[in-house]
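Geometric and topological summary
The residues making up each chain are set out below.
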Amino acid sequence: MITETQASTALIAAKDLTFAYAEEPVLRDIFLNFQAGEFTGVIGPNGSGKSTLLKLIGGILPSPSETVFFKNRELSRYKKKELAVSIAWIPQDKQMAFSFKVIDIVLMGRHPYLSPLSFEGEDDYRIAQEAMKQTQVLEFAHRSFNEISGGEKQRVMIASAISQKPEVMLLDEPTSALDIKYQIEILSILKQLNEQENKSLILAMHDLHLASKFCKRLVLLKEGRVFCEGPPAEVLKKEILEEVYEVKVKIFQDDEDGSLLVVPERS
Amino acid sequence: MNKLNLTTMSSRKFTLGIGPFLLLFLATLVLAPLIGPTSIDIGKALSGGLDAANNVDADILFLARLPRILLGAVTGAALSVTGAVFQALLRNDLAAPFTLGVSSGASLGAVIAISLNLNFTILGISTLSIAAFAGALGTMYLVFGLVKTRHGDFPTSVLLLAGVTANFFFASMVMFIHYMADFTQSFRIVRWLMGGLDITDYQTVWSIFPFVILGIGGLFFVSRDLNLISAGVQSAMSRGVDVVRTQKIGFIMGSLITGTVVAISGPIGFVGLIVPHIVRLLIGPDLRLLIPGSMFFGASFLILCDTVGRTLIAPAEIPVGVITAMLGGPFFVWLLKRQHKRGNV
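These numbers were taken from a predicted model, which means no experiment stands behind them.

**Here's the deal with the confidence of the model for chain A**
On average, residues of chain A carry a pLDDT of 91, and 97% of them reach 70 or more. Per-residue pLDDT stays below 50 along residues 1-7 of chain A; that stretch engages in nine contacts with residues further than four places along the chain or on separate chains.

Structural data, given as structure tokens:
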């Protein structure tokens, strides 16, 4: 149970959040707090509501009244640009219909800071340039976004979110469909943002091993409900995962960093 | 490693992007009136007064050709900017006032106004224009209302299909009204449906000019919001864009300027499809450049098409809508094929 005092210190709080696209709720009775500076992974089987939860927290989807709060203020009470300088959200789908250049995409993160009809100024370019250095995409600043690889696209999107200068970054499956090298690259960048700049990160993730390796805290969803939450070692347990994923698993531990490897048992 | 050159999007870059299109437009505006089946003496045209009996050259230049060219400019600019904005809002370069059924909706509105003999003006605006605007806006609501999903997106392939269906449906309604009309109305309807810039005067041009400028200005005002939407609706939301407001402004202003020019020039197809596409290939998808670029290039494009139309088989004339359709049909097929290859449709 969440007490009032705990809720008031949280950066983001979901209180009794239930949400449905149609009739059938995708999320039910969610109570969750996210503290400043946390690195949280949201895990769970396909269709358990990970993406939807991120979109509600990020204000992409309209949440029912009095259910989602940022700094104790309901999300709908923020102006759109006000919320955008606090929370950035990075989508999973990165298809783009038009061939914007990488620099154009990164500069889009400056939108909430600009008034209508104004062009980006020196400051905006400096901030975008630093963000691109940080995610190592500066060398293809002038290439078309549609022509770069999946891992590069993800780094560009992160650079765009960085130039938005938010306190919280929400990432929907940032490592899916990427090779291991790029997965580690992306997560290392995020780790750096979390540790050095104290950004709060909330990631929807599929890969349980990467989740245990990088996240400080995991939230496990099943059929729209929070099944359990806590440090990775407390969430990634055999009996919990077998119930949630409905498959027999074995869990191995990496001796070096203590990360957990979950593999299905042969049936 | 190649040197990085992060020049800021300054007025310099803006001028470099738009400049060539502005120059093209000015050149077209100066040269097109000199071309025509009757050659005119420009010196003589400019020297004398506007007395038609004494100065035939001036008469042709200032009373026959120039208003027509100005109407072409306003019409081409309006349709092209609308196309650019619709394409951004729907993230698909097949979207245009014509392919979404907006043009034919405006036509239906105008034909209804003609058949009901609504010949008066309200606050200086002709009922024909109001009916065309209502038709354009009504079509937008109809097509989008049919296609909109629960999550508020518009699956583009379905949307285009609905647009094309609306096109056929309204065309048959127009034919029905035409069939029921009496002889005088029938003549007016046929004349209007042929589309064209040939019957016009300065007063007509000035009566639609403020609406088109207002509409284009309104769209330019939200051009950066449109940029973000064209890169992804949900990403745009997370960057602080008021998506619903921007969509409303885009669709209403687009319908306003489309309805306004269609009421006068009749249905002229494909301009809104071709022009933004060419401009985007030349200067990129940034709406802050694409809107003014499409405005100038669209104006020049329609003037040139009409110049070809009135000189090619002179003294007879080909309506400008026929020229744009002959260029636009194959262009649309090419675009469709290209999109199909990329897997977007």
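**As for the sheet that holds strand 5 (residues 73-74) of chain A**
Residues and elements named next belong to chain A. Read across the open sheet, the four strands follow the order 2-1-4-5; overall the sheet is antiparallel. The strands lining the two open edges of the sheet, one partner per strand, are strand 2 (25-34) and strand 5. Strand direction decides the pairing type here: strand 4 (residues 68-70) and strand 5, joined by two bridges, are antiparallel. Within strand 5, the residue paired with Phe-69 across the bridge is Glu-74.

**Brief notes about the domain arrangement of chain A**
Residues and elements named next belong to chain A. As far as domains go, chain A holds domain 1 (1-86 + 166-236) and domain 2 (96-164). The junction of domain 1 with domain 2 conceals about 1,300 Å² of combined surface from both sides, 65% of it contributed by carbon and sulfur atoms. Inspection of the region where domain 1 meets domain 2 yields one salt bridge. Close ionic contact of Glu-185 with Arg-155 constitutes a salt bridge, the shortest N to O distance being 2.6 Å. On inspection of domain 1 and its partner domain 2, the count reaches five residue pairs in polar contact (both at pLDDT 80 or more). Listed by contribution, the elements that provide at least two residues to the side of domain 1 that touches domain 2 are helix 3 (80-84), strand 7 (168-172) and helix 7 (180-197). In terms of residue count, the dominant contributor to the side of domain 1 that touches domain 2 is helix 7 (seven residues). Among the residues forming the side of domain 1 that touches domain 2, the class breakdown is 12 nonpolar, no polar and four charged.

**Considerations on unusual backbone geometry**
All names here are of chain A. Not every positive phi belongs to a glycine, and Lys-71 is a case in point at roughly 50°. The topology assignment puts Lys-71 in the loop between strand 4 and strand 5. A relative accessible area of 43% means that Lys-71 is categorised as partly exposed. In this structure, Lys-165 takes a positive phi of about 50° despite not being glycine. By the element assignment, Lys-165 lies in the loop between helix 6 (150-163) and strand 7.

**Things to note about a nonpolar patch on the surface**
Residues and elements named next belong to chain B. Together, Val-30, Leu-31, Leu-34, Ile-35, Ile-42 and Leu-46 make up a nonpolar patch on the protein surface, roughly 540 Å² of accessible area in all. Of all the elements in the fold, those that place two or more residues in the nonpolar patch are helix 1 (11-31) and helix 2 (42-47). Secondary-structure assignment places Val-30 in helix 1.

**Section: the sheet that holds strand 6 (residues 87-90) of chain A**
Residues and elements named next belong to chain A. Ordered by their spatial adjacency, six strands build an open sheet running 6-7-8-3-9-10, and the pairing between neighbours is mixed. A strand with exactly one partner marks an edge of an open sheet, and here the two such strands are strand 6 and strand 10 (225-230). Neighbour to neighbour, the strand axes of the sheet diverge by 15° on average, direction disregarded. Pairing analysis gives five bridges linking strand 9 (residues 217-222) to strand 10, with the strands arranged antiparallel. Opposite Val-219, over in strand 10, you have Glu-229 as the bridge partner. Taken strand by strand, helix 2 (residues 50-57) contacts strand 3 (39-43), strand 6, strand 7, strand 8 (200-204) and strand 9, and its axis lies near 150° from that of strand 7.

So, how was this worked out
- Residues numbered from 1 in each chain as written.
- Chains lettered and ligands numbered in written order.
- Predicted model: local features only at pLDDT ≥ 70, side-chain atom pairs only at ≥ 80, totals over all residues.
- Heavy atoms only, no water.
- pLDDT = per-residue confidence, 0-100.
- Contact = heavy atoms within 4.5 Å.
- Pairing = 2+ DSSP bridges.
- Helix = DSSP H or I, 4+ residues; strand = E, 2+ residues; numbered from the N terminus.
- Domains from an automatic or database assignment.
- Buried area = accessible area lost by both parts, 1.4 Å probe.
- Salt bridge = Lys/Arg side-chain N within 4 Å of Asp/Glu carboxyl O.
- Polar contact = N/O pair within 3.5 Å; in protein donor to acceptor, adjacent residues only side chain to side chain.
- Nonpolar A, V, L, I, M, F, W, Y, C, P; charged D, E, K, R; others polar.
- Buried < 20%, exposed > 50% of the residue type's maximum accessible area, 1.4 Å probe, protein only.
- Patch = residues over 30% accessible without salt bridge, like charges linked within 9 Å, V, L, I, M, F, W, Y side chains within 5 Å.
- Areas by Shrake-Rupley, 256 points an atom, 1.4 Å probe, with all protein chains shown as cover.
- Axes fitted to C-alpha atoms, helices over the stretch in contact; angles between N-to-C directions.

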